[in-house]
Amino acid sequence: MSELKPLSHTGSGAFCGTGSIALVAGGTGYVNYSWSPTTGLTSSNTATTSASPTVTTVYTVTADDNNGAASCVDTQTVTINVYTAPTVSISSSVSSPVCPASNFTLNATGASSSYKQIGFTQNPSYVTVTPFNGGNTSIRGQMIVTAAELNAAGLLGPSNITSLGFKVSQKLSTGVYNGYTIGMAMIGTTSTLTATYMTNALTTVFTGNVTTIVGWNDMVFTTPFAWDGTSNILINTCFTNTGAIGFDQVYCTPTASTMYIDANLIACTAATGVASLNRPNVRLQGGTVNYSWSPAGGLSATNISNPVVTSSVSPGNYNFTCTVTDPATTCSANSTYSFAVSNTP
């Protein structure tokens, strides 16, 4: 009996927003198939099925040769990535209608909505608790993420970063992390931490009460963090509870130098902590997008966010469409600006 062949699938294994991908399991002699989870599948007990998940999903197929207790069994997995389209809106420096031969600026504001992950190790031997260490009433953590890591993950700048998440491997907390805060700062080329917390001025990007779940815990910023695209970033976390609620284990990845520090004192104002070579895995939302305007006629440029309408046009109604593309996922979105040209003041 041969082993089950590696799971194959048609398509790219990813789509933007909504879509469908055929999943095909193969292997000589295998009879029974079982797919899980069943969410988004047209069938869960056949070799071939179609997957239409609404979020990124890892599907597992188990197959056997129907030989009872002596059955040969194998399991394979495949990940279907579901990406979120970027956002875009358009405004203008003038109001419609405009006079013939007027020059005015179109201002498009686009942003990436996809997640960019830093750190991918998912091994029970590499976990930390500090981001969600509810075994204490208050714990401070600091980590560095470099510009090179952000760029490698597909987060390009200058741009706004709009959320941050940690991935919980095991949830042991039984309550809420009150007053959870995230502060961020640009720190130039600094890439290593010591046992002393950095004292750079922090921008508080998130404050709220957090109840964790197994998996990603994303905290959407109340104040987007304006990143210059070249500086390394310092991330500071803390919370303040009145009693212990239990801790949660968070996946982390080993780093070559010290890029994480957690507290040895129970206080958000702790000055010193314990340096670590294991940094929590983190994912961020944000980043620049690529711009493309059409039609090109009458625009000063078609690949920038703020082209100037320069040509003289006759009275009538006109439309310019801006399409933005997320370089990390190739997902796109568009918006159209309509205006009228009139001889009447």
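Throughout this description, residue numbers start from 1 for each chain and increase along the sequence as written. Given that this is a predicted model, residues contribute local features only at a pLDDT of at least 70 and side-chain atom pairs are listed and counted only at 80 or more, while totals for whole chains, interfaces and linings are drawn from all residues. Side-chain figures throughout are based on the complete set of non-hydrogen atoms in the structure, without hydrogens or water.

## Description of the overall build of the protein
For step 1, the next point in the chain: Strands here mean DSSP runs of E at least two residues long; helices mean DSSP runs of H or I at least four residues long; both are numbered from the N terminus. Across its full length, the protein carries one helix and 27 strands.
For step 2, the next point in the chain: Atoms counted for the radius of gyration: C-alpha only. Globule rule: 2.2 Å times the number of residues to the power 0.38. Radius of gyration (C-alpha) of the protein: 25 Å, far over the 20 Å computed for a compact globule of 345 residues.
For step 3, the next point in the chain: C-alpha atoms of the protein, sized along the principal axes, occupy 85 × 60 × 35 Å.
For step 4, the next point in the chain: Accessibility here uses a 1.4 Å probe with only protein chains present; expressed as a share of the type maximum, an area under 20% marks a residue as buried, one over 50% as exposed, and anything in between as partly exposed. Each of the 345 residues in the protein was classed as buried or not, and the buried ones make up 43%.
For step 5, the next point in the chain: Just so you have it, the protein exposes about 15700 Å², and 52% of that area is on carbon and sulfur atoms.
For step 6, the next point in the chain: Separation between the mean location of the 7 positive side-chain charges and that of the 10 negative ones in the protein comes to 8 Å. Per-residue and other accessible areas were derived by the Shrake-Rupley procedure at a 1.4 Å probe size, with only the shown protein chains allowed to occlude residues. Residues scored as positive are Lys and Arg, those scored as negative are Asp and Glu, and His as well as the terminal groups of each chain are ignored. By convention, the point assigned to a charge is CZ for Arg, NZ for Lys, CD for Glu and CG for Asp.

## Remarks on the state of the cysteines
For step 1, the next point in the chain: For this text, the term disulfide refers to a pair of cysteine sulfurs within 2.5 Å. Across all of its chains, the model carries two disulfides by this definition.
For step 2, the next point in the chain: Between the sulfur atoms of Cys 16 and its disulfide mate Cys 331 the distance is 1.9 Å. Torsion about the S-S bond of the Cys 16 and Cys 331 cystine: about -95°, corresponding to left-handed handedness. Note that Cys 16 is positioned in strand β2 (residues 14–16) and Cys 331 in the loop between β26 (316–325) and β27 (332–341), a separation of 315 residues in sequence.
For step 3, the next point in the chain: Here Cys 252 stays unpaired: no disulfide links it, and the sulfur of Cys 238, its closest cysteine neighbor, is 19 Å away.

## Focus on the sheet that holds β2
For step 1, the next point in the chain: With mixed pairing, four strands are arranged side by side in an open sheet as β2-β7-β6-β4. On the outer flanks of this sheet lie β2 and β4 (32–36), each paired with one strand and no other. The sheet shows a mean angle of 20° between the axes of neighbouring strands, taken without regard to direction. Strand pairing requires that DSSP identify at least two bridges connecting the strands. Note on geometry: axes are C-alpha line fits, over the in-contact stretch for helices, and angles between N-to-C directions span 0 to 180 degrees.

## Quick look at the nonpolar core
For step 1, the next point in the chain: By size, the foremost hydrophobic cluster in this structure holds 41 residues, and its most contacted members are Tyr 180 and Ile 182.
For step 2, the next point in the chain: Any two residues whose heavy atoms approach within 4.5 Å are treated as being in contact. When near neighbours in sequence (up to four residues on either side) are disregarded, Ile 182 contacts Leu 164, Thr 203, Thr 204, Val 205, Phe 206, Met 219, Phe 221, Ile 235, Asn 236 and Thr 237.
For step 3, the next point in the chain: What is meant by a nonpolar core is a set of buried Ala, Val, Leu, Ile, Met, Phe, Trp, Tyr and Cys residues, joined one to another through side-chain atoms within 4.5 Å. Membership of the second largest hydrophobic core comes to 18 residues, among which are Val 88, Ala 108, Val 309 and Val 324.

## What about the packing of aromatic side chains?
For step 1, the next point in the chain: Note on aromatic contacts: the rings of Phe and Tyr and the six-membered ring of Trp form a pair at centre separations within 6.5 Å, being stacked when their planes are under 30 degrees apart, edge-to-face when over 60 apart, and tilted otherwise. Within the structure shown, the criterion is met by nine aromatic pairs.
For step 2, the next point in the chain: Between the aromatic rings of Phe 132 and Phe 166, the centroid separation amounts to 6.0 Å while the plane-to-plane angle is 85°, which identifies the pairing as edge-to-face. Residue Phe 132 is located in the loop between β11 (127–128) and β12 (133–134), and its partner Phe 166 is located in strand β14 (residues 159–171); the two are separated by 34 residues in the primary sequence. There is no split in this pair, since Phe 132 and Phe 166 are both buried.
For step 3, the next point in the chain: Linked through ring pairs, Phe 104, Tyr 318, Phe 320, Tyr 337 and Phe 339 together constitute an aromatic cluster.
For step 4, the next point in the chain: Only lysine NZ and arginine CZ atoms are considered, and such an atom sits over a ring when it is within 6 Å of the ring centre and within 35 degrees of the ring normal. For the cation-ring pair, Arg 140 lies above Tyr 197, with the distance from its terminal atom to the ring centre recorded as 4.3 Å.

## Details of the sheet that holds strand β16 (residues 203–210)
For step 1, the next point in the chain: Across the sheet, which stays open at both edges, the six strands sit in the order β16-β15-β18-β13-β20-β21 with antiparallel pairing between neighbours. A single partner strand is all that each edge strand has here, and the edge strands are β16 and β21 (273–276). Going across the sheet, the axis of each strand differs from the next one's by a mean of 20°, ignoring polarity.

## So, the pattern of salt bridges
For step 1, the next point in the chain: Salt bridges are defined as contacts in which a side-chain nitrogen from Lys or Arg sits within 4 Å of a carboxyl oxygen from Asp or Glu. The final tally for this structure, using the stated rule, is three salt bridges.
For step 2, the next point in the chain: Measuring nitrogen to oxygen at the nearest pair gives 2.7 Å for the salt bridge that ties Glu 149 to Arg 279. Of the two residues, Glu 149 is situated in helix α1 (residues 147–152) and Arg 279 in strand β22 (residues 278–280); the sequence distance between them amounts to 130 residues.
For step 3, the next point in the chain: Relative accessible area serves as the criterion here: at 22%, Glu 149 is assigned to the partly exposed category.

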